[in-house]
There are 2 protein chains.
Amino acid sequence: MTKTLNVNLSYHQYPIHIGENILNEVKYFQPHIKQNQKVLIVTNTTVSQLYADKLAKTLSAITPHIYIAELPDGEEYKSWQYLDIIFTKLLEHDFDRQSIITVLGGGVVGDMAGFAASSFMRGIKFIQVPTTLLSQVDSSVGGKTGINHALGKNMIGAFCQPQAVIADISTLKTLPKRELIAGISEIIKHACIADVNYLAWLEGNIENMLNLDINSLIEAIYVSCKIKADFVQKDEKEQNIRAYLNFGHTFGHAIETAMGYGVWLHGEAVGCGMIMAAHLSQLLGFINQEEQNRINTLIKKSGLPIYSPPIKISEYIKNMSKDKKNHAGNIQFILLNGLGQAHKTTVDLNLVNKVLLENGAVL
Amino acid sequence: MTKTLNVNLSYHQYPIHIGENILNEVKYFQPHIKQNQKVLIVTNTTVSQLYADKLAKTLSAITPHIYIAELPDGEEYKSWQYLDIIFTKLLEHDFDRQSIITVLGGGVVGDMAGFAASSFMRGIKFIQVPTTLLSQVDSSVGGKTGINHALGKNMIGAFCQPQAVIADISTLKTLPKRELIAGISEIIKHACIADVNYLAWLEGNIENMLNLDINSLIEAIYVSCKIKADFVQKDEKEQNIRAYLNFGHTFGHAIETAMGYGVWLHGEAVGCGMIMAAHLSQLLGFINQEEQNRINTLIKKSGLPIYSPPIKISEYIKNMSKDKKNHAGNIQFILLNGLGQAHKTTVDLNLVNKVLLENGAVL
């Protein structure tokens, strides 16, 4: 079974193909790459060993001009210094505006190669081949690309859409279990903010997904991409409802910053962040106790952490004050509005402190 | 006399105000900056001393939150390393997506601050206050922003439009004469590719402009911006006719690269490049001898260089092969098609060599 979702933005359409072993099938790449076009595969050292040759072999049926740029593997390399590896490779091999980048890997290389594509000669095209569950459900849709700055995560980047996303489920077989679980975090988020029926489906299928059941994974990736695409189609530049996709992220980013990037995976921090955001939603009467329990149970069942590390409350508040959603100095939270709906709001800091303390933060 | 040109792109409109001492008038800034909004003035060390305080004083009538980022003055600083000065300043002062950049200076800071605005938090707004003739007629329109890479000029950047351009002619009084002349080069280019009547007007007014006659300058900047805006409106991403604005630039960029950036000013290289492009146009029968003479005379009268430095032909060809307009390995030239019209074409390399040799290049 292969499923295809078409993402329709006002000025750009592209397909997301989700299936098994589709990395090896030239028909998914053919419509987007011209004969003799130069292609740069951007990947990381880990994924390169597993899949770069396979992808290059598939693409070689279209063009002989295939080059590979390998980045080191890890969030700590998501900086200008390593982005420049891509630019240098493109220039050394005389890539022009008609050339194309194919990104092979997870969120970090996806963000970096996407930003490189958006800014090389002021914009060339790119194709995404996400190889982690997180990037298949999250980075494939929305066009957020970029790098980190020493003073903040994802602070430099662009909104930039791919020509196509080819999500090969088979690549999840080589994904460490911990990263698979981290990807499920965003899937749970999609259900919480947009679709209570999807939440129920997840309650029944989470174990299949953890056991790499292909059909459950394809279904979840399809539904999650569809939910995210709906938000993005309505609000591409995140002026408004797209921010709902940040459910759990305000707390989550603060955990990542406090622990140092990479100590907690993004999905793990978001999982724990959702526990706190659901708690806050329940205290404010936006969901009831039973609904909060369903969320907590699902997060726990998926193997995500449910307690915050012992981070000081003052550090949480400081980190959350740097969030891109904020304006005029107030922290903006995405909270639920019943299960399957979200809204953006500011919250009394005393209540935020209470939730932090009750979920593992310290004074 | 103040003139205003409205640039209408499909998804964005903005005004270009052209006048004397308008840097001091809050009414031109008021519609684009909110009360209490954070504003970062990005400028260079030279322009800062002359106009930063004046601009800050004008803006202080709207908001007290005004910060200044000073970049060193020169094309050689148009790199990531110096761009990061802007990002660091923005982050140190907790700028958010609602904050705005105001660029004060010439093309280099304009390109850098524009790219910083386009990529900070994936895009914040910016206002341009160009202080050189070149940036008033050229960088004000078209949204090309970016930085240089060690392996090529303007290789990394974005298309990104300002909220407004406030072109204060008074700033030209402090501009070195050589830079004023370099700005006239792009004005002559606009006449050559788009408007033979404008060419005739320039023939009668070039001396007034060189003597800083305010009304001639306002008129020329207005007409030049209008011509450029017409091209950009029809082809924002330079897929097609926008490339005509590169008349003289294929040769010109090759001169800049060969001499090292900053040795020849961009406008000087383009002036000499137009001599060669007009020569090539005449040899191919696209313009006649008399028309070629009119162009040569006007370029000479404005004080621009008309002979190439003794650069080797092989170096010209190598440099021209790196042009962003090229595809499939062929050098693309913008040539005239009668005075006041242009087209894009490839040219037999023997003819290119002949033109290079007859205009100062060497074997």
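Everything quoted here is computed from the prediction, not taken from an experiment.

Enquirer: Can you walk me through the overall build of chain A in this structure?
Expert: The secondary structure content of chain A amounts to twelve helices and eleven strands. A compact globule built from 363 residues should have a C-alpha radius of gyration of about 21 Å, and chain A, at 20 Å, falls within 12% of that. Counting only C-alpha atoms and orienting by the principal axes, one finds that chain A spans roughly 60 × 40 × 35 Å. Here chain A, with 363 residues, has 52% of them falling under the buried criterion.

Enquirer: Any chance you could explain helix α1 (residues 45–59) of chain A here in plain terms?
Expert: All names here are of chain A. Between its first and last C-alpha atoms α1 spans 20 Å; for 15 residues at 1.5 Å apiece the expected length is 21 Å, and the two agree. Bending of α1 peaks at approximately 55 degrees at the position of Y51. Among all positions in α1, only V47, S48, Y51, A52, L55, T58 and L59 are buried. Check the buried side of α1 and you find it contacts β3 (39–44), β4 (66–71), β5 (100–105) and β6 (125–130).

Enquirer: Explain the interface of chain B and chain A to me, please; I cannot follow it from the model alone.
Expert: Often, the extent of an interface is quoted as the loss of accessible area upon association of its parts. Each partner contributes residues to the interface: chain B has 26 residues there, and chain A has 26 residues. Looking at the side of chain B that touches chain A, the elements that each hand over two or more residues are α2 (80–92), β7 (144–149) and β8 (152–159) of chain B. The leading source of residues in the side of chain B that touches chain A is β8(B), at six residues. Residue classes in the side of chain B that touches chain A are distributed as ten nonpolar, ten polar and six charged.

Enquirer: Help me understand the pairing of strand β1 (residues 3–8) of chain A in this model?
Expert: Each regular strand shows side chains that alternate between the opposite faces of the sheet. Residue and element names in this part refer to chain A. Here six bridges tie β1 to strand β2 (residues 13–19), and the two strands are oriented antiparallel to one another. Bridging across to β2, T4 finds its partner in H17. Here β1 folds back onto β2 in antiparallel fashion, the turn holding four residues.

Enquirer: How do you make sense of the packing of helix α8 (residues 249–259) of chain B against helix α9 (residues 266–283) of chain B when you look at a structure like this?
Expert: Residue and element names in this part refer to chain B. Interaxial distance between α8 and α9 falls to 7 Å at its minimum, and their mutual angle equals 135 degrees. Looking at the two axes, α8 sits oblique to α9. Handedness of the crossing formed by α8 with α9: right-handed. Note on element contacts: α9 touches α8 through H266, A269, V270, C272, G273, M276 and A277, opposite H249, T250, F251, G252, I255 and E256. Across the contact of α8 with α9, the residue classes tally to seven nonpolar, five polar and one charged.

Enquirer: I tried to follow the sheet that holds strand β1 (residues 3–8) of chain B on my own but got confused; where do I start?
Expert: Within a beta sheet, neighbouring strands are joined by backbone hydrogen bonds and run either parallel or antiparallel to one another. Residue and element names in this part refer to chain B. Spatially, the seven strands line up as an open sheet ordered β1-β2-β9-β6-β5-β3-β4, and their pairing is mixed. In this open sheet, the two strands that pair with only one neighbour each are β1 and β4 (66–71). In this sheet, neighbouring strand axes are inclined to one another by 20 degrees on average, regardless of whether the strands run parallel or antiparallel. Lying on the sheet, helix α1 (residues 45–59) is in contact with β3 (39–44), β4, β5 (100–105) and β6 (125–130); it crosses β3 at an angle near 155 degrees. Taken strand by strand, helix α3 (residues 107–119) contacts β3, β4, β5 and β6, and its axis lies near 170 degrees from that of β5.

Enquirer: It is not clear to me how helix α2 (residues 80–92) of chain A should be interpreted in this structure. Could you clarify?
Expert: End to end, α2(A) covers 18 Å across 13 residues, agreeing with the expected 18 Å (1.5 Å per residue, within 8%). Burial in α2(A) covers these residues: L83(A), I86(A), F87(A) and L90(A). An end-on view of α2(A) places all buried positions within 95 degrees of arc, on one side of the element. More than 90 degrees from the buried face of α2(A), the exposed residues found are Q81(A) and E92(A). Among the structural elements, β3, β4, α3 (107–119) and β7 (144–149) of chain A together with β7 and β8 of chain B are those in contact with the buried residues of α2(A). Downstream of α2(A) by a residue or two, D94(A) has a phi angle that is positive, lying close to 55 degrees.

Enquirer: I'm lost on the environment of Y198(A) in this one. Help?
Expert: All names here are of chain A. Secondary-structure assignment places Y198 in helix α6 (residues 196–210). When the C-alpha atoms of Y198 and K237 are compared, they prove to be 26 Å apart, with 39 residues separating the residues in sequence. In this structure Y198 touches H190, A191 and V223, once residues within four positions along its chain are discounted.

Enquirer: I keep staring at the confidence of the model for chain A and nothing clicks. Help me out?
Expert: Close reading of the predicted structure is inappropriate where its pLDDT is low. Mean pLDDT for chain A: 94, with 98% of residues reaching 70 or above. Here the prediction assigns the complex a pTM of 0.91, and the interface score ipTM is 0.89.

Enquirer: Would you explain the relation of the copies chain B and chain A in this entry?
Expert: Of the transformation placing chain B onto chain A, the axial shift is 0.0 Å and the rotation is 180 degrees, giving an RMSD of 0.0 Å. Such a turn and shift between the copies fits a two-fold axis. When C-alpha distances to the rotation axis are compared across chain B, the minimum falls at W80(B), with a value of 4.0 Å. The share of interface residues of chain B whose copies in chain A are also at the interface is 100%, consistent with both copies meeting through the same surface.

Enquirer: How do you make sense of the sheet that holds β6(A) when you look at a structure like this?
Expert: All names here are of chain A. Across the sheet, seven strands lie side by side as β1-β2-β9-β6-β5-β3-β4; this open sheet has mixed pairing. Every other strand in the sheet has two partners, leaving β1 and β4 as the edge strands with one partner each. Going from strand to strand, the sheet's axes swing by 20 degrees on average, the running direction of each strand aside. Sheet strands touched by α2: β3 and β4. Its angle to β4, the strand with the most contacts, is close to 165 degrees. Each of β3, β4, β5 and β6 is contacted by α3, which is oriented at about 170 degrees to β5, the strand it contacts most.

Enquirer: Help me understand unusual backbone geometry, please; the structure alone is not making it clear to me.
Expert: Only a minority of non-glycine residues have a phi that is not negative, and only a minority of peptide bonds are not trans. Unusually for a residue other than glycine, L212(A) sits at a positive phi of about 60 degrees. L212(A) sits in the partly exposed class, given 16 other C-beta atoms within 10 Å.

Enquirer: Honestly, the domain arrangement of chain A in this entry has me stumped. Any pointers?
Expert: Residues and elements named next belong to chain A. On domain assignment, one finds that chain A holds domain 1 (3–174) and domain 2 (177–358). Just the C-alpha atoms count here: the centres of domain 1 and domain 2 sit 26 Å apart. With 28 residues of domain 1 at the contact, the number on the domain 2 side is 28 residues. Every element with two or more residues in the side of domain 1 that touches domain 2 is listed here: β1, β2, α4 (133–139) and β8 (152–159). Looking at the side of domain 1 that touches domain 2 element by element, the count peaks at five residues for α4.

Enquirer: Just to check I follow, could you spell out the packing of α2(A) against α3(A) for this structure?
Expert: In a packed pair of helices, the relevant descriptors are the angle between the two axes and the axis-to-axis distance. Residues and elements named next belong to chain A. With their axes 10 Å apart at the nearest point, α2 and α3 run at an angle of 50 degrees to one another. One element, α2, and the other, α3, form an angle in the oblique class. Note that α2 runs across α3; the crossing there is right-handed. Between α2 and α3, the residues in contact are L83, I86 and F87 and M112, A113, F115 and A116, respectively.

What counts, and at which threshold
- Residues numbered from 1 in each chain as written.
- Chains lettered and ligands numbered in written order.
- Predicted model: local features only at pLDDT ≥ 70, side-chain atom pairs only at ≥ 80, totals over all residues.
- Helix = DSSP H or I, 4+ residues; strand = E, 2+ residues; numbered from the N terminus.
- Rg over C-alpha atoms; globule rule 2.2 N^0.38 Å.
- Buried ≥ 20, exposed ≤ 12 C-beta atoms within 10 Å, placed from the backbone.
- Expected span 1.5 Å × (residues − 1).
- Bend = angle between axes of the 7 residues up to and from the residue.
- Contact = placed C-beta atoms within 7 Å.
- Nonpolar A, V, L, I, M, F, W, Y, C, P; charged D, E, K, R; others polar.
- Pairing = 2+ DSSP bridges.
- Axes fitted to C-alpha atoms, helices over the stretch in contact; angles between N-to-C directions.
- Parallel < 35°, antiparallel > 145°, perpendicular 65-115°, else oblique.
- Left-handed = near helix turned anticlockwise from the far one by under 90°.
- Arc of directions from axis to C-beta.
- pLDDT = per-residue confidence, 0-100.
- Least-squares fit on C-alpha atoms with pLDDT ≥ 70 in both.
- Domains from an automatic or database assignment.

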